[in-house]
Amino acid sequence: MTHPYQDRVLALAGLLQALAQVRRIADTGQSDQVQVQTALESVFRIDARDTESVFGSARELRIGLRQLRDYLASGSKDEALGKLALAVLQLERRFIRNAAIADKVQAGLRRLAPRADSLGSAHPDVIADLARLYAETLSTLRPRVMVQGNPHYLGQAGVVAEIRALLLAALRAAVLWRQLGGSLWDFVFARRQMAAALDALLG
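Residues numbered from 1 in each chain as written. Predicted model: local features only at pLDDT ≥ 70, side-chain atom pairs only at ≥ 80, totals over all residues. Heavy atoms only, no water.

1. Some words on the nonpolar core
Reasoning step 1: Grouped together as the largest cluster of nonpolar side chains are 71 residues, with contacts concentrated most on L15, L19, L65, F95, L130, L167 and L168.
Reasoning step 2: Of all the elements in the fold, those that place two or more residues in this core are α1 (6-28), α2 (33-44), α4 (62-74), α5 (79-97), α6 (99-119), α7 (124-136), α9 (157-179) and α11 (191-202). (Core = buried A, V, L, I, M, F, W, Y, C linked by side-chain atoms within 4.5 Å. Buried < 20%, exposed > 50% of the residue type's maximum accessible area, 1.4 Å probe, protein only. Helix = DSSP H or I, 4+ residues; strand = E, 2+ residues; numbered from the N terminus.)

Shown next as structure tokens:
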């Protein structure tokens, strides 16, 4: 029987894994293309049959699952990542309450899906399209998600586009987490259950 918290921790792992790449590219100008692809493909899997399928498989989220397990065990060693995750979870609340923005994002993703299928979700042109969609919708919600990093890289259009596309993927994971019944109270009252779910997934 599936552990009741497994779906929620998978969604949180997707969130953390996407944001870890945001932090990496903001600091170094480089990202792990396999993890970027996992994150961006999840954006287009709106009608996946289950939570694991959104991300391909639980195996694709092992890094994010370990990050979440480490956080629950000892607190986040990457304070900036924790703040960024909280900012995206707060953005999700504003996003869900704004039906016009939510509809525009969904319509934009449906429009971009054929191109992503043809070129690949992590193709530079698709990343640019996702970044534009983020800028036209989610960037208009206040307060905005602020990403800290190396100004040299944050001044490059390609880096900014990849960050925005990954933030969109992180938001998708946050929305999924909330749809699965996730809440910030889980971190207060359900840490043991979350840890057990993580142990089951990581083996």
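2. A word on the packing of α1 against α2
Reasoning step 1: Axis separation between α1 and α2 bottoms out at 10 Å; the angle between their running directions is 130°. By the angle between their axes, α1 is oblique relative to α2. In this structure, α1 meets α2 at a crossing whose hand is left-handed. For the pair α1 and α2, the contacting residues are Q17, A18 and Q21 in the first and Q35, V36, T38 and A39 in the second.
Reasoning step 2: Residue composition of the contact of α1 with α2, grouped by class: three nonpolar, four polar and no charged. (Axes fitted to C-alpha atoms, helices over the stretch in contact; angles between N-to-C directions. Parallel < 35°, antiparallel > 145°, perpendicular 65-115°, else oblique. Left-handed = near helix turned anticlockwise from the far one by under 90°. Contact = heavy atoms within 4.5 Å. Nonpolar A, V, L, I, M, F, W, Y, C, P; charged D, E, K, R; others polar.)

3. Notes on the packing of aromatic side chains
Reasoning step 1: A complete count under the given rule lists three aromatic pairs for this structure.
Reasoning step 2: Taken together, a centroid distance of 6.1 Å and an interplanar angle of 80° make the contact between Y71 and F187 edge-to-face. With Y71 in helix α4 and F187 in helix α10 (residues 186-189), the pair connects residues that are 116 residues apart, well separated along the chain.
Reasoning step 3: Overall, the relative accessible area of 16% leaves F187 in the buried class.
Reasoning step 4: An aromatic cluster of three or more residues is present, and its members are Y71, W177 and F187. (Phe/Tyr/Trp six-rings, centres within 6.5 Å; stacked < 30°, edge-to-face > 60°.)

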